[in-house]
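# Observations on the model geometry
Here are the chains, one letter per residue:
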Amino acid sequence: MTVLVPTMGALHKGHQALIKRARELDKEVVVSIFVNPLQFSDTADLEKYPRTPETDIQIATLAGATQVWFPTYEEIYPNDPIQISAGAVGDLYEGATRPGHFAGVLTVVNRLFEIVKPSAAVFGEKDFQQLWLVKRHFKKIEIVSVPTVREFDGLALSSRNVRLTESDRAAASIISKALQEPNRMHEILATEPAFKLDYAEIIDEKTFQLASATTQNKRAIIAGWVNGVRLLDNAVVESNS
Ligand code: AMP
């Protein structure tokens, strides 16, 4: 059987962790590298998305990929794609700021699954809402998740981080600092003028609705921009906090 690791390339240590986990699950690991236009509402963001195919092959192979697959648009979408709805949760948070994003994600994941027919697929907790929606939508394939890989200062690795200058990088570390104190997130984020907040909330992991006093499993989710670069992150909220 095969394990699939879907990515958009510009691979980093976060992707490597996914590939290593996939290799623990099976000896056939396909890494797909496809920048899916359907999940971008902003064409400038799509055009600016970093593309590093040569190093991607090296990184993926070193991490244990047995196949690095760069599908063409026609391979993925031979016909006009019928978009899969992401439902009401797909319109919240990331979906509110990026309309149609999660329908685009589910549509491409569905096509990748149809073509590769994996027994399992590995996704990062970094994109927690994506992981949540993928788990809810695809019941016949085992969805395995991997914790977020971070820089020394806590910043979650992301392909978009290459667009940050050194001072942007320093400002971006406010996100992981805020996640460490979920009850003071807004206050902490407000101390960094370069960080432009989109949302910072504590949600119920079961429903993806705002957490209440009785919620068992809570997660803090944050997104915003530093110098026009969109950043997102999340962390478990311990029940005693
Ligand atoms: P992307 O190439 O950004 O679409 O990401 C491909 C996969 O890698 C997704 O499942 C992401 O959640 C995951 N991923 C991205 N960044 C990280 C990270 N820092 N740690 C762990 N997984 C990640």
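In this report, we go over the structure that sits alongside the text. (Residues numbered from 1 in each chain as written. Predicted model: local features only at pLDDT ≥ 70, side-chain atom pairs only at ≥ 80, totals over all residues. Heavy atoms only, no water.)

## Here's the deal with the overall build of the chain
Along its length, the chain carries 10 helices and eight strands. The C-alpha radius of gyration computed for the chain amounts to 18 Å, which stays within 12% of the reference 18 Å derived for 241 residues, consistent with globular compactness. Dimensions of the chain, computed from C-alpha atoms along their principal axes, come out at roughly 45 × 40 × 35 Å. When each of the 241 residues of the chain is scored for burial, the buried share is 55%. Within the chain, counting contacts between residues at least 6 apart in sequence, those at least 24 apart form 63% of the total. Summing over all exposed atoms, the chain offers an accessible surface of approximately 11900 Å²; the carbon and sulfur share of this is 52%. (Helix = DSSP H or I, 4+ residues; strand = E, 2+ residues; numbered from the N terminus. Rg over C-alpha atoms; globule rule 2.2 N^0.38 Å. Buried < 20%, exposed > 50% of the residue type's maximum accessible area, 1.4 Å probe, protein only. Contact = heavy atoms within 4.5 Å. Areas by Shrake-Rupley, 256 points an atom, 1.4 Å probe, with all protein chains shown as cover.)

## Regarding the packing of helix H1 (residues 13–25) against helix H3 (residues 53–63)
In contact at an axis separation of 8 Å, H1 and H3 are set at 40° when each is read in the N-to-C sense. Viewed along their axes, H1 and H3 adopt a mutual orientation that is oblique. The way H1 lies across H3 gives a crossing that is right-handed. Of H3, the residues touching H1 (which contributes Gln 16, Ile 19 and Lys 20) are Ile 59, Ala 60 and Ala 63. (Axes fitted to C-alpha atoms, helices over the stretch in contact; angles between N-to-C directions. Parallel < 35°, antiparallel > 145°, perpendicular 65-115°, else oblique. Left-handed = near helix turned anticlockwise from the far one by under 90°.)

## Topic: the sheet that holds strand E8 (residues 229–237)
In spatial order, the strands read E6-E7-E8; together these three strands make up an open sheet with antiparallel pairing. At either margin of the open sheet sits one strand with a lone partner, and together these are strand E6 (195–204) and E8. For this sheet, the mean angle separating the axes of adjacent strands, direction not counted, is 15°. Bridging between E6 and strand E7 (residues 218–226) involves nine bridges; their strand directions are antiparallel. Bridging from a neighbouring strand, Ile 202 pairs with Ala 220 of E7. (Pairing = 2+ DSSP bridges.)

Distances and angles like these do not, on their own, reveal function.
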